[in-house]
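Structure assessment
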Amino acid sequence: MLVSASWLSDLVDSGRSADDVAHLLTMAGLEVEGVERTGPTFEGVVVGRVLDAQPHPGADRLRVCQVDVGAAEPVQIVCGAPNVAAGQTVPVATVGTVLHLPSRETPGETAEITIKKSKIRGETSQGMICAEDELGIGTSHDGIL
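The present account deals with the structure reproduced in this document. (Residues numbered from 1 in each chain as written. Predicted model: local features only at pLDDT ≥ 70, side-chain atom pairs only at ≥ 80, totals over all residues. Heavy atoms only, no water.)

**Description of the overall build of the protein chain**
The test is simple: Only DSSP runs of H or I reaching four residues or more are called helices, and only runs of E reaching two or more are called strands; each is numbered from the N terminus. When accessible area is computed with a 1.4 Å probe and restricted to protein chains, residues below 20% of their type maximum are described as buried, those above 50% as exposed, and intermediate ones as partly exposed. Two residues form a contact once any of their heavy atoms are found within 4.5 Å. Residue-level accessible areas treat just the shown protein chains as cover; the underlying method is Shrake-Rupley with a 1.4 Å probe. Lys and Arg are tallied as positive, Asp and Glu as negative. Neither His nor the chain termini are counted. Lys charges are placed at NZ, Arg charges at CZ, Asp charges at CG and Glu charges at CD.
A count of helices and strands for the protein chain gives three helices and nine strands. When the helices and strands of the protein chain are listed from N to C terminus, the series reads α-α-β-β-β-β-β-β-β-β-β-α. Dimensions of the protein chain along its principal axes, counting C-alpha atoms only, are 65 × 40 × 20 Å. With 145 residues in all, the protein chain has 26% of them scored as buried. Across the protein chain, the fraction of contacts at a sequence separation of at least 24, relative to all contacts at a separation of at least 6, is 45%. Of the roughly 9900 Å² of accessible surface on the protein chain, 51% is carried by carbon and sulfur atoms. Counting 10 positive and 20 negative side-chain charges, the protein chain places the averaged centre of each group 12 Å from the other.

**Regarding a nonpolar patch on the surface**
So the rule is basically this: Without a salt bridge and with relative accessible area above 30%, a residue can belong to a patch; like charges are then joined within 9 Å and nonpolar side chains (Val, Leu, Ile, Met, Phe, Trp, Tyr) within 5 Å. For salt bridges, the criterion is a side-chain nitrogen of Lys or Arg within 4 Å of an Asp or Glu carboxyl oxygen.
A surface patch of nonpolar side chains, about 610 Å² in accessible area, is lined by M1, V3, W7, L11 and V12. Of note, V12 is situated in the loop between α1 (5-11) and α2 (18-27).

**Concerning the sheet that holds strand β1 (residues 45-55)**
The strands making up a sheet are joined through hydrogen bonds of the backbone, oriented either antiparallel or parallel. We count it as follows: Strand pairing is defined by DSSP finding a minimum of two bridges between the two strands.
If you trace the five strands from one edge of the open sheet to the other, you get β3-β2-β1-β4-β9, paired in antiparallel fashion. Bordering the open sheet on either side are β3 (75-79) and β9 (128-129), each of which pairs with just one other strand. One ladder, built from six bridges, connects β1 with strand β2 (residues 63-68); its direction is antiparallel. When the sheet's bridge partners are listed, P55 is paired in β2 with R63.

**A short note on the environment of R37**
Summarising the element assignment, R37 is placed in the loop between α2 and β1. Here R37 falls in the exposed class, since its relative accessible area comes to 59%. Each C-alpha atom of the pair R37 and A18 lies 9.3 Å from the other, and the pair is 19 residues apart in sequence.

As structure tokens, then:
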């Protein structure tokens, strides 16, 4: 029988991870064969606040954003979304985050990338402001969430 962790959490409010609950159930005599994870993982993705968004000096369709991601100092992120603006709360994949982005070579498939600090047309970018398809929660790439 397959049982979802969210269904179990409706029945038992333990505040424990799925692996811990599986172990406890097995120790209680209910054998758990395994734990399967489905859907996207959001490890390394934080909620950021766009403090400033200026046109990129070397690219018409890019913007250079200063984003508060909860660190001591805001980070600079180069963003191509047409709807990014100061004052917005946005999902930010921080440096080191692994995302499964839509593949450019094979439509319908994903490609794994690791977010790195980089220079985009001469401007430093320390993360990625994400659209819903980049997070794996939808198909829209019209702009950031």
